[in-house]
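The primary structure of each chain is shown beneath.
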Amino acid sequence: MKNLHFKDFFWNADLTSTGGYDAIVQYLNDGKRTCKEVEDFMKARASIEEKYAKDLLGLSKKVCGHNEMNTLKRSLDMFKLQTEHVSLSHLQLAHSLREEAKKLEEFREKQKEARKKVEQHMDVLHKQKASQYKKTMDSKKTYEQKCRDKEEADQNVNRNTNTNNTKHIEKLYAKAQQAKQNAEEADRLYQQNITTVGKVRDEWLKDHIKACEMFEKQSMERINFLRNTVWTHLNLLSQQCVTSDELRLCMRTSTAVRELNLELHHPDCLR
């Protein structure tokens, strides 16, 4: 299947239309909004993790088994300590998530600045193209009107060819000559504007293609960056789960060992 590119689509027969360009810009704006939404999502998740970590840390400081002794006392102390360690792991997760959100923010701002320069340049070209096109159409109307004036002046001369009023004939002839000069000047200006609008269009066409290529590259970078950000986000959550499981396993192992020690020193074991 042939690869599809921005530069191959979004064209319009209307020279002054920016509909296709506007559609691409809107797509990019929607993409930028998605980046901001993901960024805000990660910041919100980081805040939740941070609050949870602080709650766990506060919980780990509460009295638990204060009146117990020996192995049970040490097990309960380990239980609280592991809760503190889990709290710290969630606090680290919150920090990591904020770092990833910061990277996404920097990426979004970098793309925004790069796009801004291109969009400003294209806005200038669009205004030039629209202005020159209007100037060309106005000169076309003027040319057509001057041609009608010349035709009317020539007809007046022809209608009065047989008159004996020499001065009147000379006046009509002078008007016809002036109308002819006006039509020729209008034709020159019209042709000049046609040439100019063609050059403006060629410049716009060249830079529009470059803009499309740049916008497409940004779009692909954004998609890849967001995909990698989501993967990193999930990996961080998975790693936190692994850390929590390791801490719980450590707690269970420690408790089991102390239970074994308790059994070995129990009077019943000596019977």
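Undergrad: Describe in detail the overall build of the protein chain, supporting the description with residues and values.
TA: The helix and strand tally for the protein chain stands at three helices and zero strands. If you list the helices and strands of the protein chain from N to C, you get α-α-α. Counting all 271 residues of the protein chain, 27% fall into the buried class. A fraction of 84% describes how many contacts in the protein chain between residues 6 or more apart in sequence connect residues 24 or more apart.

Undergrad: Would you mind going over the pattern of salt bridges in detail, with residue names and values included?
TA: Applying the stated criterion across every chain, the model contains 17 salt bridges. Glu119 is paired through a salt bridge with Arg115; the nearest N and O atoms lie 2.5 Å apart. Taken as a pair, Glu119 and Arg115 lie in helix 2 (residues 70–159) at a separation of four residues, close to a single helical turn. Classification of Arg115 as buried rests on a relative accessible area of 7%. Connected via shared salt-bridge partners are Glu39, Lys43, Lys102, Glu105, Arg108 and Glu109.

Undergrad: Talk me through the side chain of Glu119; I want residue IDs and the actual numbers.
TA: On the accessibility criterion, Glu119 (18% relative accessible area) is buried. A distance of 2.5 Å separates polar atoms of two side chains, one belonging to Glu119 and the other to Arg115. Ignoring any residue separated from it by four or fewer positions in sequence, one finds Glu119 in contact with Tyr21, Val25 and Phe215.

Undergrad: Give a detailed account of the environment of Lys140, specifying residues and quantitative values.
TA: As for its placement among the helices and strands, Lys140 is situated in helix 2. Its relative accessible area of 30% is what places Lys140 among the partly exposed residues.

Undergrad: So what's going on with empty space enclosed by the protein? Which residues, and what values?
TA: Scanning the model with the defined rule gives one cavity of 30 Å³ or more in all. Its volume calculated, the largest cavity comes out at about 90 Å³. In this structure, the largest cavity is lined by Leu28, Gly31, Lys32, Cys35, Arg108, Gln111, Lys112, Arg115, Gln218, Ser219 and Arg222. Mapped by element, the contributors of at least two residues to the lining of the largest cavity are helix 1 (19–60), helix 2 and helix 3 (166–264).

Undergrad: Give me the lowdown on a nonpolar patch on the surface, citing residues and values where you can.
TA: A contiguous nonpolar patch, built from Leu4, Phe9 and Phe10 and spanning about 290 Å² of accessible area, is present on the exposed surface. Within the element layout of this structure, Leu4 appears in the segment before helix 1. Judged by relative accessible area, which is 57%, Leu4 ranks as exposed.

Undergrad: Tell me what's going on with the packing of aromatic side chains, and back it up with residues and numbers.
TA: Under the counting rule described, the total for this entry stands at four aromatic pairs. Judged by centre distance (6.1 Å) and plane angle (90 degrees), the rings of Phe6 and Tyr27 are edge-to-face. Placement of Phe6 in the segment before helix 1 and of Tyr27 in helix 1 is noted, with a sequence separation of 21 residues between them. Under the relative-accessibility criterion, Phe6 is labelled buried at 16%. Measuring from ring centre to ring centre gives 5.7 Å for Tyr143 and Tyr190, while their planes differ by 25 degrees; the resulting arrangement is stacked. A residue pair is termed long-range when its members are at least 10 positions apart, and Tyr143 in helix 2 and Tyr190 in helix 3 qualify at 47 residues. Look at Tyr190 and you get buried, because its relative accessible area is 14%.

Undergrad: Hey, could you go over the confidence of the model for the protein chain for me, with residue numbers and the actual values?
TA: Residue-level pLDDT values for the protein chain average 86, and 87% of them are 70 or greater. The lowest-confidence element of the protein chain is helix 3, averaging 86 in pLDDT; the highest-confidence one is helix 1, averaging 92. This model gives residues 267–271 a pLDDT under 50, and the stretch forms two contacts once residues within four places in sequence are excluded.

Undergrad: Can you lay out the nonpolar core for me, pointing to particular residues and giving the numbers?
TA: When a protein is soluble and globular, its nonpolar side chains tend to lie buried together. Counting eleven residues, the largest nonpolar core consists of Phe6, Tyr21, Ile24, Val25, Leu28, Met122, Leu125, Trp204, Ala211, Cys212 and Phe215. Those elements that provide at least two residues to this core are helix 1, helix 2 and helix 3. Contacts of Ile24, omitting those with residues within four sequence positions, involve Phe6, Phe10, Cys212 and Phe215. Membership of the second largest hydrophobic core comes to seven residues, among which are Met42, Ala46, Ala101 and Leu237.

Undergrad: For the environment of Ala186, give the residues involved together with the corresponding values.
TA: Looking at where Ala186 falls in the secondary structure, it is placed in helix 3. Of the residues examined, Ala186 reaches a relative accessible area of 7% and is grouped as buried. As for Ala186 and Lys140, which are separated by 46 residues in sequence, their C-alpha atoms are 8.1 Å apart. Beyond its immediate sequence surroundings of up to four residues, Ala186 is in contact with Thr142, Tyr143 and Lys146.

Definitions and cut-offs
- Position labels on residues start from 1 in each chain and follow its written sequence.
- Confidence filtering applies because this is a predicted model: local features only for residues at pLDDT of at least 70, side-chain atom pairs given and counted only at 80 or more, and all residues used for totals across whole chains, interfaces and linings.
- To obtain the side-chain values, all non-hydrogen atoms of the structure were used and water was disregarded.
- Each helix is a run of DSSP H or I of at least 4 residues and each strand a run of E of at least 2, with the numbering of both proceeding from the N terminus.
- Classification of residues uses two cut-offs on accessible area relative to the type maximum, computed with a 1.4 Å probe and protein chains only: under 20% is buried, over 50% is exposed, and between them is partly exposed.
- Pairs of residues are marked as contacts when any of their non-hydrogen atoms sit within 4.5 Å.
- Each reported salt bridge corresponds to a side-chain nitrogen of Lys or Arg within 4 Å of a carboxyl oxygen of Asp or Glu.
- Polar contact criterion, stated in full: a pair of N or O atoms within 3.5 Å, where within protein one must be able to donate a hydrogen and the other to accept it, and residues adjacent in sequence count only if both atoms are side-chain atoms.
- Cavities and pockets were defined on a 1 Å grid built from protein atoms only: a cavity is a group of points that admits a 1.4 Å probe but offers it no way out, a pocket is an open group of points flanked by protein on both sides within 12 Å along at least five of seven lines, and a lining residue is one with an atom within 4 Å of any such point.
- Grid points are joined across faces, edges and corners, and a volume is the space filled by probe spheres set on the points.
- Surface patches are drawn from residues lacking salt bridges whose relative accessible area is over 30%; two like charges belong together within 9 Å, two nonpolar side chains (Val, Leu, Ile, Met, Phe, Trp, Tyr) within 5 Å.
- Shrake-Rupley sampling with a 1.4 Å probe provides the accessible areas, and residues are treated as covered by the protein chains on show and by no other component.
- Note on aromatic contacts: the rings of Phe and Tyr and the six-membered ring of Trp form a pair at centre separations within 6.5 Å, being stacked when their planes are under 30 degrees apart, edge-to-face when over 60 apart, and tilted otherwise.
- For every residue, the predictor states its confidence as a pLDDT score lying anywhere from 0 to 100.
- Each nonpolar core is a collection of buried residues, namely Ala, Val, Leu, Ile, Met, Phe, Trp, Tyr and Cys, held together in the definition by side-chain atoms within 4.5 Å.

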